[in-house]
Amino acid sequence: MPQFRLSEAARLLGVSDDTVRRWVRAGQLTATDDAAGRKVVDGAQLAGFARAQAAGPDDPTAVGRSARNRFVGLVTEVIADKVMAQVELQCGAHRVVSLMSTEAVRELGLRPGVLAVAVVKATTVVVETPEGSK
């Protein structure tokens, strides 16, 4: 089973090393010592903890749809010409970029600081693992 040093766990969770150490002291995460005497967290436990911590803001649209990958965030940039536009959203730790018509940007009122929901509907998702992570 993979294990992650506290600093690695912090990077994966998007928090500081000190925050992970506080979670360990509070009993929210269990750390053990590896062969080199460094504190590590079990990968499966870290994955469960990450999922529990990942509660994002509520989706304000209240619309039913089949797409399950919904990212609530703030518009950070809009680059538009006469026909097409690039819209960037910051959704938690994730940057989402969408290309759409400039007309759609105007109709939706998209500009930096606006709350928006990126809905991703894809039939293909590529999953990669770094060398040695198995």
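The paragraphs below set out a description of the structure included in this document. Everything numeric in this text was worked out from a predicted model, so none of it was measured.

**Describing the packing of helix 1 (residues 6-13) against helix 3 (residues 43-53)**
Next up, step 1: One way to put it is that helix 1 packs onto helix 3 with a least axis distance of 11 Å and a crossing angle of 30°. As judged from the angle between their axes, helix 1 and helix 3 are roughly parallel. The way helix 1 lies across helix 3 gives a crossing that is right-handed. Contacts between helix 1 and helix 3 involve Ala9, Leu12 and Leu13 from the first element and Leu46, Phe49 and Ala50 from the second.

**Structural notes on the sheet that holds strand 4 (residues 69-80)**
Next up, step 1: An order of 6-5-4-7 is seen for the four strands of this open sheet, with the pairing classed as antiparallel. The open sheet has two free edges, formed respectively by strand 6 (94-101) and strand 7 (115-120), since each of these has just one partner strand. Averaged over neighbouring strand pairs, the angle between their axes works out to 45° when direction is ignored.
Next up, step 2: With six bridges joining them, strand 4 and strand 7 adopt antiparallel strand pairing.

**Observations regarding the pattern of salt bridges**
Next up, step 1: Counted under the stated rule, the structure contains four salt bridges.
Next up, step 2: The shortest N-O distance in the salt bridge between Glu88 and Arg95 comes to 3.1 Å.
Next up, step 3: Overall, the relative accessible area of 10% leaves Glu88 in the buried class.

About the cut-offs
Residues numbered from 1 in each chain as written. Predicted model: local features only at pLDDT ≥ 70, side-chain atom pairs only at ≥ 80, totals over all residues. Heavy atoms only, no water. Axes fitted to C-alpha atoms, helices over the stretch in contact; angles between N-to-C directions. Helix = DSSP H or I, 4+ residues; strand = E, 2+ residues; numbered from the N terminus. Parallel < 35°, antiparallel > 145°, perpendicular 65-115°, else oblique. Left-handed = near helix turned anticlockwise from the far one by under 90°. Contact = heavy atoms within 4.5 Å. Pairing = 2+ DSSP bridges. Salt bridge = Lys/Arg side-chain N within 4 Å of Asp/Glu carboxyl O. Buried < 20%, exposed > 50% of the residue type's maximum accessible area, 1.4 Å probe, protein only.

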